Amino acid sequence: MNADTWKEAAAQNLMSNYGVRNIVLARGKGSRVWDMDGREYLDFLSGISVNNLGHCPDRVVAAIQRQVAELMHCSNLYLVPQQVELARQLCELCFADRAFFANSGAEVNEGAIKLARLYSRIKFGENRYEIITVKNSFHGRTLATLTATGQEKIQKGFDPLPVGFKYAQFNDLESVRETVTSSTCAIMVEPVQGEGGVTPATPEFMSGLRELCDKHQLLLIFDEIQCGMARCGKMFAHQAYGVEPDIMTLAKALGNGLPIGALLAREEVAQVFQPGTHGSTFGGGPVVCAAALAVIEEMRENNISDRALQMGNYFVGQLKNAFAGIPAVKEIRGLGLMIGVELTIQGADVVKQCQEKGVLLNCTMGNVLRMLPPLTVTHEECDQVANLLATILKDVPAAENLAK
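Fair warning: this is a prediction, and the values are worked out from it, not measured in the lab. The residue count restarts for each chain, going from 1 along the sequence in the order it is written. Reporting of local features is limited, given that this is a predicted model, to residues whose pLDDT is at least 70; pairs of side-chain atoms are given and counted only at 80 or more, and all residues count toward the totals for whole chains, interfaces and linings. To obtain the side-chain values, all non-hydrogen atoms of the structure were included, while hydrogens and water were left out.

1. Points about the sheet that holds strand β13 (residues 329-335)
Working step 1: Taking strand neighbours across the sheet as the criterion, the four strands line up as β13-β14-β17-β16 in an open arrangement whose pairing is antiparallel. Of all strands in the sheet, those with a lone pairing partner are β13 and β16 (362-364), marking the two edges. Sheet twist, expressed as the mean angle between neighbouring strand axes with direction ignored, is 30 degrees.
Working step 2: Here three bridges tie β16 to strand β17 (residues 368-371), and the two strands are oriented antiparallel to one another. Opposite Asn 362, over in β17, you have Arg 370 as the bridge partner.
Working step 3: On the sheet, helix α12 (residues 304-323) packs against β13, β14 (338-343) and β17 and is oriented at approximately 20 degrees with respect to β14.
Working step 4: A contact between two residues is defined here by any heavy atoms of the two lying within 4.5 Å. Note on geometry: axes are C-alpha line fits, over the in-contact stretch for helices, and angles between N-to-C directions span 0 to 180 degrees. Numbered from the N terminus, helices here are DSSP runs of H or I no shorter than four residues, and strands are runs of E no shorter than two. Each of β14, β16 and β17 is contacted by helix α13 (residues 348-356), which is oriented at about 165 degrees to β16, the strand it contacts most. The pairing criterion is simple: DSSP has to find at least two bridges between the two strands.

2. Regarding helix α14 (residues 379-393)
Working step 1: Multiplying 1.5 Å by the helix residue count minus one yields the expected span of that helix. Helix length check: α14 (15 residues) gives 21 Å between terminal C-alpha atoms against 21 Å at 1.5 Å per residue, within 8%.
Working step 2: Throughout, exposure labels follow a simple rule: accessible area from a 1.4 Å probe, protein chains only, divided by the maximum for the residue type, with under 20% read as buried, over 50% as exposed, and the rest as partly exposed. Every buried residue of α14 is listed here: Glu 381, Cys 382, Val 385, Ala 386, Leu 388, Leu 389, Ala 390, Ile 392 and Leu 393.

3. Notes on the sheet that holds strand β4 (residues 98-102)
Working step 1: If you walk across this open sheet you meet the seven strands as β4-β12-β11-β10-β7-β5-β6, and the pairing is mixed. The open sheet has two edge strands with one neighbour each: β4 and β6 (165-168). Along the sheet, successive strands turn relative to each other by an average axial angle of 20 degrees, direction set aside.
Working step 2: Looking at chain direction, strand β7 (residues 184-189) and strand β10 (residues 219-223) are connected through four bridges and run parallel. Bridged to Val 189 within β10 is Phe 222.
Working step 3: The sheet contacts of helix α9 (residues 203-216) involve β5 (130-134), β7 and β10, and relative to β10 the element is tilted by about 145 degrees.

4. A few points about the nonpolar core
Working step 1: Counting 71 residues, the largest nonpolar core has Leu 90, Met 229, Leu 319, Phe 323, Met 371, Leu 389 and Leu 393 as the members making the most contacts within it.
Working step 2: For this core, the element with the highest residue contribution is helix α11 (residues 286-301), accounting for ten residues.
Working step 3: When residues no more than four places from it in sequence are discounted, the contact partners of Met 229 are Asn 52, Met 235, Phe 236, Leu 250, Ala 253, Leu 254, Val 295, Ile 296, Met 299 and Leu 375. Side-chain atoms within 4.5 Å link the members of a nonpolar core, which is a set of buried Ala, Val, Leu, Ile, Met, Phe, Trp, Tyr and Cys residues.

5. With respect to the packing of helix α3 (residues 58-70) against α11
Working step 1: α11 packs onto α3 with a crossing angle of 155 degrees between their chain directions and a minimal axis gap of 8 Å. Here α3 lies roughly antiparallel to α11, going by the angle between them. Crossing hand, α3 versus α11: right-handed. Here α3 contributes Arg 59, Val 60, Ala 63, Ile 64, Gln 67 and Val 68 to the contact with α11, which in turn contributes Pro 286, Val 287, Ala 290, Ala 291, Ala 294, Val 295, Glu 297, Glu 298 and Glu 301.
Working step 2: Tallied by class, residues from the contact of α3 with α11 come to ten nonpolar, one polar and four charged. Here the word oblique covers every angle except those under 35 degrees (roughly parallel), over 145 (roughly antiparallel) and from 65 to 115 (roughly perpendicular). In this scheme, a crossing is called left-handed if the near helix is turned counterclockwise away from the far one by less than a right angle; it is called right-handed if the turn is clockwise. Amino acids outside the nonpolar list (Ala, Val, Leu, Ile, Met, Phe, Trp, Tyr, Cys, Pro) and the charged list (Asp, Glu, Lys, Arg) are all regarded as polar, and Gly is one of them.

6. Digging into the pairing of strand β3 (residues 40-43)
Working step 1: As judged from the three bridges shared by strand β2 (residues 32-35) and β3, these two strands associate in the antiparallel manner. Bridged to Trp 34 within β3 is Glu 40.
Working step 2: Connecting β2 to the antiparallel partner β3 that follows it, the hairpin turn spans four residues, and Gly 38 within it adopts a positive phi of roughly 90 degrees.
Working step 3: Here two bridges tie β3 to strand β15 (residues 359-360), and the two strands are oriented parallel to one another. Along β15, the bridge assignment pairs Asp 43 with Leu 360.

7. Topic: the confidence of the model for the chain
Parts of the prediction with low pLDDT should not have their coordinates interpreted in detail.
Working step 1: This prediction gives the chain a mean pLDDT of 96; 98% of its residues lie at or above 70.
Working step 2: Across the chain, β10 holds the top mean pLDDT of 99, while helix α1 (residues 3-13) sits lowest at 92.
Working step 3: pLDDT is a residue-level measure of predictor confidence that goes from 0 to 100. With pLDDT under 50 throughout, residues 399-404 is counted as low confidence; its partners more than four residues away or in other chains account for eleven contacts.

8. Quick look at the packing of aromatic side chains
Working step 1: Pairs were defined over the aromatic rings of Phe, Tyr and Trp, the Trp ring being its six-membered one, requiring ring centres within 6.5 Å. Orientation was assigned from the angle between planes: stacked under 30 degrees, edge-to-face over 60, tilted for the rest. The full count for this structure, using the stated rule, is two aromatic pairs.
Working step 2: Centroid distance Phe 170 to Phe 205: 5.5 Å. Interplanar angle 75 degrees. Geometry classified as edge-to-face. You can see Phe 170 sitting in the loop between β6 and α8 (173-179) and its partner Phe 205 sitting in helix α9, a full 35 residues away along the chain.
Working step 3: The criterion is that NZ of a Lys, or CZ of an Arg, lies within 6 Å of the ring centre and within 35 degrees of the ring normal, and then a charge sits over that ring. If you follow Arg 27 out to its NZ or CZ, it ends over the ring of Trp 34, 4.2 Å from the centre.
Working step 4: The side chain of Arg 128 reaches across the aromatic face of Phe 124, ending 3.9 Å from its centre.

9. Looking at a nonpolar patch on the surface
Working step 1: Patch construction takes residues with relative accessible area above 30% that form no salt bridge. Like charges are linked within 9 Å, and nonpolar side chains (Val, Leu, Ile, Met, Phe, Trp, Tyr) are linked within 5 Å. Only the protein chains shown count as cover for residues, and all accessible areas are computed by the Shrake-Rupley method using a 1.4 Å probe. Whenever a carboxyl oxygen of Asp or Glu lies within 4 Å of a side-chain nitrogen of Lys or Arg, that contact is scored as a salt bridge. On the surface, a cluster of nonpolar side chains totalling about 330 Å² of accessible area is made up of Met 1, Trp 6 and Met 36.
Working step 2: On the basis of relative accessibility, which here comes to 57%, the residue Met 1 falls in the exposed class.

Next comes the structure, spelled out in structure tokens:
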């Protein structure tokens, strides 16, 4: 079957929630992917911050191949050694004492919500169950996690939504403080908002959240599904702020393409999950855990988080130089290699032009170009994208430089 045949089959058999997709990818290596017609693209989205080590990294591929040949699945009725080792290594890398594994970011965020509510019920009684999240956040597509997501467009059409969520303003500590009530059990935020426009938390906001949670005996949950796993210059983004949560969620880049999510928590909180309170048939299986162990090994051995910080600083510098005097660019922001370019125009056509020129990125919040290149990206690849964007944006007529 050729690309057009696959597109026709998709139109007939797939649900339409992803819209029309014009690129049919066939293979990838490093920062590059190739479609079924052999056309090459520079991938500056990394599967939405999944392929942090690039496409098909040798160490991860080899680990998957070995494990597939030995044991693919046995369920959590039996102990999975790879799962135990992955939990140990993740806890060694951060504040956490224990881990639970599932298949996706939405699932581990759902687990974090359950864990926070159960902990608070056991410790404080049944009236503390509300979780404060923030506007423009994104926590998943299940009913609970889309309710936790502070975007009405994500929630539209799915009411009645589950009760127990309130929304404050991101980077506004006073707004969060005013939202806390006697029913609050936790505060849940992304250290860097991804879908919300690639907006990092301020140091004052992060430290203030910790102090607020300590004062009111609330749990602090960091959703690091997109910003974690070395993307922001530390293994976990919150480590750049020197602030520790009580619960953290990971997914995406943890398996570098295989579906795995991790829910991490300190001992006092984690221990409320007892047999029967939570589970997952496929969560933490041998193959995905083998992949994640190889990811961590590669990241630690090659100081990938340091590289992400250095390359992020370089790329932002190149973008600033390339965009000098271009009125369509409002702001460049981010942390490490999680970078957003806010435009004064809508960004969809810019994304389309980049795709036509062989560069993949996307747009969020309507006018923010989101770039999440592999953490193994080169200076030359960063230069290529900066120059391409400058070429596209310099020709935007001044009359169009208004957000629509």
